[in-house]
Amino acid sequence: MGGSRVLHSALLALTMGLGLTACGEDPPEPAAVRTEIPESVADTAPPPPQVASDAAQIGTPLAERVATIGLLNKRNNVSQELEMAPGDSRRVGDVIVRLRSCEKTAPWELPQETGAFVQVLVADRSGENQFRRIFSGWLFKNSPSLNVVEHPVYDVFVKDCAMSFPEGGGGSDAADAPDALEEAAEPAPTA
């Protein structure tokens, strides 16, 4: 019984000591390490198709958008922001993040949402420059639980998608939208 108290007291003192040293200065900012993406996992996907519809031309063209993707290493609690254009790939240590697309809801539409189609590859222990895909799909800023990168070390999330929209909304259709919603909400007369 006395031995467990001594062990408990020692662990408590160690925990308190570590906690107090952690309250000191902030750790230095980690230095960026430039690494190359191996050819075996290089992005060979064709460019996204060009959409010619009027609806697709409302906002910034896909090639001109810039997404800010957050990458968190849960082992050392280091978070980085990756600014990427659609089609870009970035390697940070043992993880590769690819951005395929990003979208933002127009200011006159509800609910407001920001999303990005992301692929995440992580280094495989089986060999050098061997990566396996752990995630491919849409991530949403305001609804992160809809689709989650499930990995014990890395967390990837959307922070922003920089794109612009024309002033005054989406034209006459956007101005008529509230009236159309009110009409649809009213029950139809019965005969």
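So, how was this worked out
Residues numbered from 1 in each chain as written. Predicted model: local features only at pLDDT ≥ 70, side-chain atom pairs only at ≥ 80, totals over all residues. Heavy atoms only, no water. Helix = DSSP H or I, 4+ residues; strand = E, 2+ residues; numbered from the N terminus. Buried < 20%, exposed > 50% of the residue type's maximum accessible area, 1.4 Å probe, protein only. Contact = heavy atoms within 4.5 Å. Areas by Shrake-Rupley, 256 points an atom, 1.4 Å probe, with all protein chains shown as cover. Pairing = 2+ DSSP bridges. Axes fitted to C-alpha atoms, helices over the stretch in contact; angles between N-to-C directions. Disulfide = S-S within 2.5 Å. Phe/Tyr/Trp six-rings, centres within 6.5 Å; stacked < 30°, edge-to-face > 60°. pLDDT = per-residue confidence, 0-100.

Trainee: Sorry if this is basic, but what is going on with the overall build of the chain here?
Mentor: Of the regular secondary structure elements, the chain holds two helices and seven strands. Among the 191 residues that make up the chain, the fraction classed as buried is 26%. For the chain, the share of sequence-separated contacts (at least 6 apart) that also reach a separation of at least 24 residues comes to 53%. Working note: accessible area of the chain is about 13400 Å², and carbon and sulfur atoms make up 55% of it.

Trainee: Is there a simple way to explain the sheet that holds strand β1 (residues 66-73) in this structure?
Mentor: One key point about sheets: their strands pair by backbone hydrogen bonds, in either a parallel or an antiparallel sense. Here we have three strands laid out as an open sheet, ordered β2-β1-β7, and antiparallel in their pairing. The outermost strands of the open sheet, each flanked by one partner alone, are β2 (78-84) and β7 (154-162). Each strand axis lies, on average, 20° off the axis of its neighbour in the sheet, ignoring direction. Pairing analysis gives eight bridges linking β1 to β7, with the strands arranged antiparallel. Along β7, the bridge assignment pairs T68 with D160.

Trainee: Looking at this structure, I do not really get the state of the cysteines. What am I missing?
Mentor: Where two cysteines share a covalent bond between their sulfur atoms, that bond is called a disulfide. Evaluated as defined, the whole model comprises one disulfide. Bridging C102 to C161, the disulfide has an S-S length of 2.1 Å. In this structure, the disulfide formed by C102 and C161 twists by about 60° around the S-S bond and is classed as right-handed. Linking C102 in strand β4 (residues 95-104) with C161 in strand β7, this pair joins segments that are 59 residues apart in sequence. The same class applies to C102 and to C161, which are both buried.

Trainee: How should the packing of aromatic side chains be read in this particular structure?
Mentor: Two aromatic rings, taken as a pair, are described by how far apart their centres are and by the angle between their planes. This structure, assessed with the given rule, holds three aromatic pairs. Judged by centre distance (5.9 Å) and plane angle (80°), the ring pair of W108 and F165 falls under edge-to-face. With W108 in the loop between β4 and β5 (114-123) and F165 in the loop between β7 and α2 (172-185), this pair connects stretches of sequence that are 57 residues apart. An aromatic cluster is defined as three or more aromatic residues linked by ring pairs; in this entry it consists of F117, W138 and F140.

Trainee: I tried to follow the pairing of β2 on my own but got confused; where do I start?
Mentor: Moving residue by residue along a regular strand, the side chains alternate between the two faces of the sheet. The sheet contact formed by β1 and β2 spans seven bridges and is antiparallel. In the strand pairing of β2, I69 is matched with L82. What sits between β1 and β2 in their antiparallel hairpin is a turn of four residues, with N77 showing a positive phi close to 60°.

Trainee: What's the story with the pairing of strand β3 (residues 89-92) in this structure? I'm lost.
Mentor: Pairing of β3 with β4, which is carried by four bridges, proceeds in the antiparallel orientation. Bridge pairing links V92 to V95 in β4. Where β3 folds back on β4, the antiparallel hairpin that results is connected by two residues, among which G93 adopts a positive phi of roughly 65°.

Trainee: Which parts of the structure should I look at to understand the confidence of the model for the chain?
Mentor: Reading predicted coordinates in detail is not appropriate for stretches of low pLDDT. When the pLDDT values of the chain are averaged, the result is 74; 60% of them are 70 or greater. Within the model, pLDDT remains below 50 along residues 17-21, and this stretch shows zero contacts once partners closer than five positions in the same chain are excluded. The low-confidence segment residues 51-56, where pLDDT is below 50, has three contacts with residues more than four positions distant or belonging to other chains.

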